[in-house]
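In case you want the letters, here they are:
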Amino acid sequence: NFELRERQGLAYSVGASLSTWGGRGVLSASIATRPENIEKAMAGLAGELDSLSESPLTDEELAK
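Source: prediction; values computed, not measured.

## So, the overall build of the protein chain
Working step 1: Along the protein chain, the regular secondary structure elements total three helices and two strands.
Working step 2: Starting at the N terminus and ending at the C terminus, the protein chain contains elements arranged as α-β-β-α-α.
Working step 3: Considering only C-alpha atoms, the protein chain reaches an extent of 40 × 25 × 20 Å along its principal axes.
Working step 4: Scored against the burial criterion, the 64 residues of the protein chain give a buried share of 12%.
Working step 5: Taking contacts inside the protein chain between residues at least 6 apart in sequence as the whole, the part at least 24 apart equals 25%.
Working step 6: Of the roughly 5,200 Å² of accessible surface on the protein chain, 52% is carried by carbon and sulfur atoms.

## Concerning helix α2 (residues 38–54)
Working step 1: With 17 residues, α2 extends 25 Å between its outermost C-alpha atoms, agreeing within 8% with the 24 Å of an ideal straight helix rising 1.5 Å per residue.
Working step 2: The set of residues buried in α2 consists of Ala41, Gly44 and Leu45. Buried residues of α2, seen end-on, are gathered within an arc of 100° and therefore sit on one face of the element. Pointing more than 90 degrees away from the buried face of α2 are the exposed residues Glu39, Lys40, Met42, Ala43, Asp50, Ser53 and Glu54.

## Topic: the environment of Leu18
Working step 1: Looking at where Leu18 falls in the secondary structure, it is placed in strand β1 (residues 13–21).
Working step 2: Spatially, the C-alpha atom of Leu18 lies 23 Å from that of Ile38, the residues being 20 residues apart in sequence.
Working step 3: Dropping the residues within four chain positions of it, Leu18 is found in contact with Val26 and Leu27.

## Examining the nonpolar core
Working step 1: Of all hydrophobic cores here, the largest spans six residues; its members are Leu4, Leu10, Ala11, Ile31, Ala41 and Leu45.
Working step 2: Residues within four places of Leu45 in sequence aside, it is in contact with Leu4, Val14, Ala29, Ser30 and Ile31.

Here is what the cut-offs are and how they apply
- Residues numbered from 1 in each chain as written.
- Predicted model: local features only at pLDDT ≥ 70, side-chain atom pairs only at ≥ 80, totals over all residues.
- Heavy atoms only, no water.
- Helix = DSSP H or I, 4+ residues; strand = E, 2+ residues; numbered from the N terminus.
- Buried < 20%, exposed > 50% of the residue type's maximum accessible area, 1.4 Å probe, protein only.
- Contact = heavy atoms within 4.5 Å.
- Areas by Shrake-Rupley, 256 points an atom, 1.4 Å probe, with all protein chains shown as cover.
- Expected span 1.5 Å × (residues − 1).
- Arc of directions from axis to C-beta.
- Core = buried A, V, L, I, M, F, W, Y, C linked by side-chain atoms within 4.5 Å.

The quantities given are spatial measurements derived from coordinates; they are silent on function.
Following this line, the structure appears as structure tokens:
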């Protein structure tokens, strides 16, 4: 995510994937950061995931 990686400088990389398993959707998210940033990075990642439930991605954002 641009916010966590570029603006806050908390991560080397941020990623997510969505798949199905056993008839259910599975969301996997990861963030690569320095040990001293783990707490802040995890909180930021959780906040970004929470914001998706309030404001889903547009088709254009999904295409990126």
